[in-house]
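# Structural features, examined
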Amino acid sequence: MAITPKKETPDTGVLQDKPTPKAAEHGDHDRIVMASRKADGSMDQVRPEFIGDKDTAIAAAKEQLSVQAVSAVDVAARGVAAGPDADGTGSSEPDADVKALKDAQDKAVSEAEAKAEREVNSLHQGLGD
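Residues numbered from 1 in each chain as written. Predicted model: local features only at pLDDT ≥ 70, side-chain atom pairs only at ≥ 80, totals over all residues. Heavy atoms only, no water.

This brings us to the overall build of the chain. The number of helices and strands found in the chain is three helices and two strands. Walking the chain from its N terminus toward its C terminus, one meets helices and strands in the order α-β-β-α-α. Here the chain, with 129 residues, has 22% of them falling under the buried criterion. A separation of at least 24 residues holds for 63% of the contacts in the chain among residues at least 6 apart in sequence. Surface summary for the chain: the accessible area is close to 9,500 Å², and the carbon and sulfur share equals 54%. (Helix = DSSP H or I, 4+ residues; strand = E, 2+ residues; numbered from the N terminus. Buried < 20%, exposed > 50% of the residue type's maximum accessible area, 1.4 Å probe, protein only. Contact = heavy atoms within 4.5 Å. Areas by Shrake-Rupley, 256 points an atom, 1.4 Å probe, with all protein chains shown as cover.)

Before going further, it helps to spend a moment on helix α3 (residues 96-123). Helix length check: α3, at 28 residues, gives a terminal C-alpha distance of 41 Å against a target of 40 Å (1.5 Å per residue), a fit within 8%. Residues of α3 that are buried include every one of Q105, A108, A112, A116, E119 and V120, and no others. Elements in contact with the buried residues of α3: β2 (49-50) and α2 (54-76). (Expected span 1.5 Å × (residues − 1).)

Before going further, it helps to examine the confidence of the model for the chain. Residues shown with low pLDDT carry predicted positions that ought not to be read at fine detail. Here the chain averages 76 in pLDDT, and 65% of its residues register 70 or above. Taking the mean pLDDT of every element in the chain, the minimum, 62, falls on helix α1 (residues 21-26) and the maximum, 89, on α3. (pLDDT = per-residue confidence, 0-100.)

Attention now moves to the packing of α2 against α3. Two numbers describe how α2 lies on α3: the axes approach to 7 Å, and their chain directions differ by 145°. The hand of the α2/α3 crossing is right-handed. Its residues assigned to classes, the contact of α2 with α3 shows 14 nonpolar, three polar and seven charged. (Axes fitted to C-alpha atoms, helices over the stretch in contact; angles between N-to-C directions. Left-handed = near helix turned anticlockwise from the far one by under 90°. Nonpolar A, V, L, I, M, F, W, Y, C, P; charged D, E, K, R; others polar.)

Residues A35, F50 and V120 are the most contacted members of the largest nonpolar core, which totals 14 residues. Mapped onto this core, the elements with two or more residues apiece are α2 and α3. No other element matches α2, which puts six residues into this core. Leave out the neighbours within four places in its chain, and F50 touches I32, V33, A35, M43, A57, E119, V120, L123, H124, Q125 and G126. (Core = buried A, V, L, I, M, F, W, Y, C linked by side-chain atoms within 4.5 Å.)

Between its first and last C-alpha atoms α2 spans 33 Å; for 23 residues at 1.5 Å apiece the expected length is 33 Å, and the two agree. Listed in full, the buried residues belonging to α2 are A57, I58, A60, A61, Q64, L65, S66, A69 and V73. Here the buried face of α2 lies against β2 and α3.

Tallying each qualifying case throughout the model produces six salt bridges. Between E117 and K62 there is a salt bridge, with the nearest N and O atoms lying 3.2 Å from each other. Of this pair, E117 sits in helix α3 while K62 sits in helix α2, and the two are 55 residues apart along the sequence. Judged by its relative accessible area of 32%, E117 falls in the partly exposed class. In this structure, D106 engages K102 in a salt bridge whose closest nitrogen and oxygen atoms are separated by 2.8 Å. Here K102 and D106 lie together in helix α3, a separation of four residues that amounts to about one turn. (Salt bridge = Lys/Arg side-chain N within 4 Å of Asp/Glu carboxyl O.)

Next up, the structure:
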């Protein structure tokens, strides 16, 4: 068996020890089951292609975006505090601020899940076999 030695010239294009953004831009893309996310919730991959079981990818994206959306709502509402009634006793009624926060979180989860499903549906390419 003949072995061809690796050429050490940078213009061979055969092996690339450290991929450059330009190389990724012009050909390569990321094959993923679950996306890495930037702080704004957008995917942090190069032209992503979801592979593997589609239902698993959708469930992972929904969970990921939902948790991130709820966290964003919490950060936006930081400083909201609820305390006891004037007489020092609590109330069995939900606190209005907490209820509003929970409603905002539920809305964020719903929107995040819809976004996750749209992303996976548009980028899913099969089981990757």
